[in-house]
Amino acid sequence: MLKIGDVAPPFKVKAHTGQTVSLSDYQGQTVVLWFYPKADTPGCTAEGNGFCQLHQAYEAKGVQILGISFDTVEENAAFAEEFGFPYPLLCDTTREIGLAYHACDNREAGGPRRITYVIDPDGKIKLAFAEVRAAEHPASLLASLD
């Protein structure tokens, strides 16, 4: 895991919408970057829905949510559409972001570990969660941002 205070590795990747998203797009904002193993699986759905239900509360705190997996644009688009996710799902099909953020150990990884980072407005790691409980994580993370 990256450590608190580390500079968050920059990235540029396609989102489920087909648009290219980079970390620099959110400079000056707090970003929650949550890695999930596979679109439309029970744990990932529970976690994604939790962030969806709390999306307005995160926005009220000035926090941008970014989900990220190794799924394709099409897989993440179907996942986002099925559950109405109002935030970008990033498609790290090359695993470059996963490797940079220690969410996987190699390019052959089937899916990233379920980990989360909070990146502060200056682009540094503010919080890092090496293990999360999918269903409870969105609410507990929101509470930790007070």
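Treat the numbers as computed from the prediction; the structure is a model and nothing was measured. (Residues numbered from 1 in each chain as written. Predicted model: local features only at pLDDT ≥ 70, side-chain atom pairs only at ≥ 80, totals over all residues. Heavy atoms only, no water.)

A.B. asks: I'd like a rundown of the environment of Phe85, residues and numbers included.
C.D. replies: Residue placement: Phe85 occurs in the loop between helix H3 (73-83) and strand E5 (89-91). Sequence-wise, Phe85 and Gly28 are 57 residues apart; in three dimensions their C-alpha atoms are separated by 23 Å. If we skip the residues at most four places from it in the chain, Phe85 touches Gly48, Asn49, Cys52, Phe79 and Ala80. (Helix = DSSP H or I, 4+ residues; strand = E, 2+ residues; numbered from the N terminus. Contact = heavy atoms within 4.5 Å.)

A.B. asks: Requested: an account of the layout of surface pockets, with residues and values cited.
C.D. replies: The calculated volume of the largest pocket comes to roughly 160 Å³. If you trace the largest pocket, you find it lined by Pro9, Pro10, Phe11, Lys12, Val13, Cys91, Asp92, Thr93, Thr94, Glu96, Ile97 and Ala100. Of all the secondary structure elements, the ones that give two or more residues to the lining of the largest pocket are strand E1 (12-14) and helix H4 (96-100). In terms of residues, the lining of the largest pocket owes the most to one element, H4, which gives three residues. Tallied by class, residues from the lining of the largest pocket come to seven nonpolar, two polar and three charged. (1 Å grid on protein atoms, 1.4 Å probe; cavity = no way out; pocket = protein on both sides within 12 Å on 5 of 7 lines; lining within 4 Å. Points joined across faces, edges and corners; volume = space filled by probe spheres on them. Nonpolar A, V, L, I, M, F, W, Y, C, P; charged D, E, K, R; others polar.)

A.B. asks: Residues and numbers for unusual backbone geometry, please.
C.D. replies: One non-glycine residue, Asp40, adopts positive backbone phi at about 60°. Its location among the elements puts Asp40 in the loop between strand E3 (30-35) and helix H1 (42-53). With relative accessibility at 42%, the residue Asp40 sits in the partly exposed group. Although it is not a glycine, His102 sits at a positive phi angle of roughly 60°. Looking at where His102 falls in the secondary structure, it is placed in the loop between H4 and strand E6 (116-119). (Buried < 20%, exposed > 50% of the residue type's maximum accessible area, 1.4 Å probe, protein only.)

A.B. asks: An account of the pattern of salt bridges is requested, with residue identities and associated values reported.
C.D. replies: What the rule picks out here adds up to five salt bridges. The partner of Asp71 in a salt bridge is Lys38, and the shortest N-O contact between them spans 2.8 Å. Taken as a pair, Asp71 in the loop between strand E4 (63-69) and H3 and Lys38 in the loop between E3 and H1 lie far apart in primary sequence, 33 residues in all. Under the relative-accessibility criterion, Lys38 is labelled partly exposed at 35%. (Salt bridge = Lys/Arg side-chain N within 4 Å of Asp/Glu carboxyl O.)

A.B. asks: How would you sum up the packing of H1 against helix H5 (residues 137-144)? Please name residues and give values.
C.D. replies: It is the contact of H1 with H5, at a shortest axis distance of 8 Å, that shows an interaxial angle of 45°. The orientation of H1 with respect to H5, classified from their angle, is oblique. Within the contact between the two elements, H1 uses Glu47, Gly50 and Phe51 and H5 uses His137, Pro138 and Leu141. Here the contact of H1 with H5 is built from residues that sort into three nonpolar, two polar and one charged. (Axes fitted to C-alpha atoms, helices over the stretch in contact; angles between N-to-C directions. Parallel < 35°, antiparallel > 145°, perpendicular 65-115°, else oblique.)

A.B. asks: Please set out H5 residue by residue, giving values where relevant.
C.D. replies: Working note: α-helix, 3.6 residues per turn, so residues spaced by three or four point in the same direction. Where H5 is concerned, the buried positions are His137, Pro138, Leu141 and Leu142. Buried residues of H5 fall within an arc of 130° about the axis and therefore sit on the same side. As for H5, its buried residues are in contact with E3, H1, helix H2 (55-60), E6 and strand E7 (125-129). (Arc of directions from axis to C-beta.)

A.B. asks: A description of the sheet that holds E6 should follow, citing residues and the corresponding values.
C.D. replies: The mixed open sheet is built from five strands, whose spatial order is E5-E4-E3-E6-E7. Either end of the sheet is taken by a strand with one partner, and the two such strands are E5 and E7. Pairwise comparison of adjacent strand axes, ignoring direction, gives a mean angle of 20° for this sheet. Here E3 pairs with E4 via six bridges, running parallel. Within the sheet, the bridge partner assigned to Val31 lies in E4 and is Gln64. Against the sheet, H1 contacts E3, E4 and E6, and its axis sits at roughly 165° relative to E3. Helix-sheet contacts for H3 involve E4 and E5, and the interaxial angle to E5 is about 165°. (Pairing = 2+ DSSP bridges.)

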